[in-house]
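One-letter residues, chain by chain:
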Amino acid sequence: MAYKIKASDCTACGACEAECPNNAISFKKGAYAINADLCTECKGQFSSPQCASVCPADCCVPA
Amino acid sequence: MANVISLDSILGVGELKAPAEAPPAAASGCASSSCGSSDGPADMAPEVWEKVKNHPCYSEEAHHYFARMHVAVAPACNIQCNYCNRKYDCSNESRPGVVSEKLTPDQALRKILAVAQEIPQLSVIGIAGPGDSLAAGGRNTFKTFEMLQKKAPDLKLCLSTNGLALPDHVDTIANYNIDHVTITINMVDPEIGQHIYPWIFHDHRRWTGLDAAKILHERQMLGLEMLTSRGILVKVNSVMIPGINDEHLMDVNKAVKSRGAFLHNIMPLISDPAHGTHFGLTGQRGPTAQELKALQDQCEGGAKLMRHCRQCRADAVGLLGEDRGSEFTIDRIEAMGEVEYDQEAARTYREHVEGERAGRHAAKAAAQAEVVETVGIEVQPILIAVATKGGERINEHFGHAKEFQIYEVGPKGAKFVGHRRVDQYCEGGSGDADALGSVLSAINDCTAVFVAKIGGCPSQNLKDAGIEPVDRFAFEYIEESALTYFKDYAERLSQGAVNAREGQDAVIRTGAFTARRA
Ligand code: SF4
Ligand code: SF4
C-alpha cells in the first residue's frame, strides 16, 4: 500500500515533497521518489493522498 | 567581462543636457495628464516614490536605468492555470513561469553576487517562480532572502505569487523587509475564474470548478488587504484573455485599487499550441496590440497602470528588455568561486542616476509646455516606436532592436504606453525579410519609428508601409524628440503634407525572445 512517482512525467518541482505528511518523498539521484516503507497513502491523515492532489503532472499514482 | 554595459554607453555621460528652465505655471496643467502613466513625484505619494524609484519593474523611469534579476528557486506550484503548462521548460521561451535552470537558495545567492559584480545597475532581486514563490511553504524563497539580506542589504527584494498561500505568509514577508509583492489576479468573479483555473491545492485537498475559483478569489483579496494595511506595496498582474476576462479586468482594476494596490499591470495572454497549455491547445487567442492598449486606456483613472512589463522569464537577468540570464549559468558561477558584494560601486551608480534624473524632469516639462503652446488641442495623438537600449535615449540601430518602446505623443505631451517585441532584423549583419515583416506587423499602428541609425532598404520598406523612419534624433532623449516631431507633424498635417494614420492594429509577438546584447 504505497504511492509511486512516474518518473517520465515528473517535472521535479518538489511540490509533493513539501506536502507529504510522512517525509516519504525525497530527491535522490536526480529524481523525486517515494519510499514505499514510509508511505501510508495518507490514510488516517488526509482525505486524499497529498502528493497526488498537489502534483501538476498527475504522476503520483498507486504503486 | 566583454558583455558589461558601460554606463557611458547607456547614459551618454558627458553629453548630458543642461536642465532647461522650469515650465511656466500655466503649462503645468498638461503635465499631470501626460504623467498619467509615467512616474515621478507628481502623481505618486512621496513614500511610494521613495520605494519604487529605483525599481525597473515598478517605475517606468527607473526601467531605463536599473536592472532586475529573478532567481528561480521556487519550482513548486499550488494551482493550475489554463495559460500555463508546468511540464514545459525550454530555453527558447520567454514568458513568466518558464526557466532553464532551477537553483537552490545557496546557488541563487552566489548567482546574485556574481551578477551584482558585473552589472552595477542591479537594484532588485525578485522571486517569481517558476512555480509559485509561496507554494511548498515558501521555504526556498524565504531562505534565499534571509541569506541575501545579510550579504547585500541594499538590494531590494520582491516576490510574485498567485495569492493562494499569501495570507499565511504576510508576517514573514513583513519580517524580511520585502517591500514589494506582485499578485496575479485575473478575476474578481469566481464564475469567470472557473474558466481560467481548473484546480487549486488548498487546505490539504484539490479543489476544482467554482469552489476552486471562489477560494482563490477570497484568499487573493484577503492577502492584498493584509499587505496594504501593513504598508507593503502591492502590484497586481492580470492576464488579458479575450472573450474570458477582457472586459472584466476593468472590475478587477477597481477592486484592487479600492484595496490599496499601487499598480495594475495588464499583460496579454501568451498562447501558442506549441506551449502545450490548455489555452494553447484550445486555440484561445491573445489580444492584439490595440485591444490591449484600448483596455489599458479604459482602466486609466483607476488603479495606476503599468505598461512597460516585459513578462520576463522567471530567471531573467538584466535591464528590462534584455535577458542576460544565459551568461550566468550554474557552472560558470561555481567556477567564479567566492564573490563579495561591492556596495560602493552600486551606490556610486545610483548617485549618478539621481543627478541625471533631476535634469530630465525639468527638460521634459519644458518641451511639453512648448508643444501645448504651438499645437492645437484638436490634433489626434500619434504613436511612435523607439529603438532604445536604455537611458531614455534613442540609441539603438533599427536592425539591432529586439523590441521597440511605444510612445503616445499628442498636444498633451508624450507618454510611454508599451513596448513591442520583434525579431532582430539584422542578425549577423545582413537584414532578413521575414524579420522585417515581424517588425512591420509589431509597429503597424505607429506613425514613425525613431532609430539611431537605419539602412536604406528597411527604410524604404517602412515608408512603403506608411511608417516614417526617423534618424535625425539619434542619441537624443526620447520624449523631447517625440514632442519636437509631433510639433512638426502637426504642421505638416495642417498643410496636408501627411495624412493621419488611423485604424491600424499591430500583432503582439509571443515567441522566443532569447537574443542577447552582442
Ligand atoms: S500518498 Fe501520502 S504518504 Fe504516500 S507519498 Fe504521497 S503524500 Fe506521502
Ligand atoms: S509534484 Fe509531481 S511533478 Fe512535482 S516533483 Fe512531485 S511527482 Fe514530480
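Residues numbered from 1 in each chain as written. Chains lettered and ligands numbered in written order. Predicted model: local features only at pLDDT ≥ 70, side-chain atom pairs only at ≥ 80, totals over all residues. Heavy atoms only, no water.

As recorded by an unreviewed UniProt entry, chain B carries the name FeMo cofactor biosynthesis protein NifB and is attributed to Azospirillum isscasi. Under Pathway (unreviewed entry), UniProt gives the following word-for-word description of chain B: "Cofactor biosynthesis; Fe-Mo cofactor biosynthesis." (UniProt positions renumbered as here; feature names shortened; annotations may be inferred.)

The name given to chain A in an unreviewed UniProt entry is 4Fe-4S binding protein, with the source organism recorded as Azospirillum argentinense. Recorded in UniProt under Cofactor (unreviewed entry), the annotation for chain A is "[4Fe-4S] cluster".

Caption draft 1: Here's a closer look at the overall build of chain A. A count of helices and strands for chain A gives 2 helices and 4 strands. Of the regular secondary structure in chain A, the N- to C-terminal order runs β-α-β-β-α-β. Within chain A, the fraction of its 63 residues that count as buried is 44%. A sequence separation of at least 24 residues applies to 57% of the contacts in chain A between residues at least 6 apart. Carbon and sulfur atoms form 52% of the exposed surface of chain A, whose accessible area is close to 3300 Å². (Helix = DSSP H or I, 4+ residues; strand = E, 2+ residues; numbered from the N terminus. Buried < 20%, exposed > 50% of the residue type's maximum accessible area, 1.4 Å probe, protein only. Contact = heavy atoms within 4.5 Å. Areas by Shrake-Rupley, 256 points an atom, 1.4 Å probe, with all protein chains shown as cover.)

Caption draft 2: Here's a closer look at the pattern of salt bridges. All names here are of chain B. A full pass over the atoms with the stated rule returns 15 salt bridges over all chains. Between Asp168 and Arg219 there is a salt bridge; the shortest N-O distance is 3.1 Å. Linking Asp168 in helix 6 (residues 166-175) with Arg219 in helix 8 (residues 209-229), this pair joins segments that are 51 residues apart in sequence. Judged by its relative accessible area of 54%, Asp168 is exposed. (Salt bridge = Lys/Arg side-chain N within 4 Å of Asp/Glu carboxyl O.)

Caption draft 3: Local environment of the site of ligand 1. All residues adjacent to ligand 1 are Cys20, Pro21, Asn22, Ile25, Ile34, Cys39, Thr40, Glu41, Cys42, Pro49, Gln50 and Cys51 of chain A. Per-class residue counts for the shell around ligand 1 are 8 nonpolar, 3 polar and 1 charged. (Near = heavy atom within 4 Å. Nonpolar A, V, L, I, M, F, W, Y, C, P; charged D, E, K, R; others polar.)

Caption draft 4: Highlighting the interface of chain A and chain B. Taken residue by residue, the interface counts 17 residues in chain A and 13 residues in chain B. For the pair chain A and chain B, the summed buried area comes to about 1300 Å², and 56% of that belongs to carbon and sulfur atoms. Three residues stand out in chain A for area buried against chain B, namely Thr11, Ser53 and Pro56 of chain A, and they jointly supply 32% of the buried area on that side. Among the salt bridges present, the one from Arg206 of chain B reaches Asp58 of chain A, with a minimum N-O distance of 3.1 Å. One can count 6 residue pairs in polar contact (both at pLDDT 80 or more) joining chain A with chain B. Within the residue set of the side of chain A that touches chain B, elements represented by two or more residues are helix 1 (15-19) and helix 2 (50-54) of chain A. Broken down by class, the residue content of the side of chain A that touches chain B amounts to 10 nonpolar, 5 polar and 2 charged. (Buried area = accessible area lost by both parts, 1.4 Å probe. Polar contact = N/O pair within 3.5 Å; in protein donor to acceptor, adjacent residues only side chain to side chain.)

Caption draft 5: Spotlight on helix 5 (residues 139-151) of chain B. Residues and elements named next belong to chain B. Here helix 5 contains 13 residues, and its C-alpha end-to-end distance of 19 Å stays within 8% of the 18 Å for a straight helix at 1.5 Å per residue. All of the buried residues along helix 5 are Thr141, Phe142, Thr144, Phe145, Met147 and Leu148. If you follow the buried residues of helix 5, they end up packed against helix 4 (105-118), strand 3 (122-127), strand 4 (156-161) and helix 6. (Expected span 1.5 Å × (residues − 1).)

Caption draft 6: Region of interest: the site of ligand 2. In the region of ligand 2, the neighbouring residues are Ile5, Cys10, Thr11, Ala12, Cys13, Gly14, Cys16, Tyr32, Cys55, Pro56, Cys59 and Cys60 of chain A. In terms of residue class, the shell around ligand 2 is built from 10 nonpolar, 2 polar and no charged.

Caption draft 7: Examining the sheet that holds strand 2 (residues 79-80) of chain B more closely. Residue and element names in this part refer to chain B. Spatial strand order, 2-6-7: 3 strands in an open sheet with antiparallel pairing. Strand pairing shows two members of the sheet lacking a second neighbour, strand 2 and strand 7 (205-208), which therefore form its edges. With 2 bridges connecting them, strand 2 and strand 6 (residues 199-202) associate as antiparallel partners. Of the residues in strand 6, the one forming a bridge with Gln80 is Trp199. (Pairing = 2+ DSSP bridges.)

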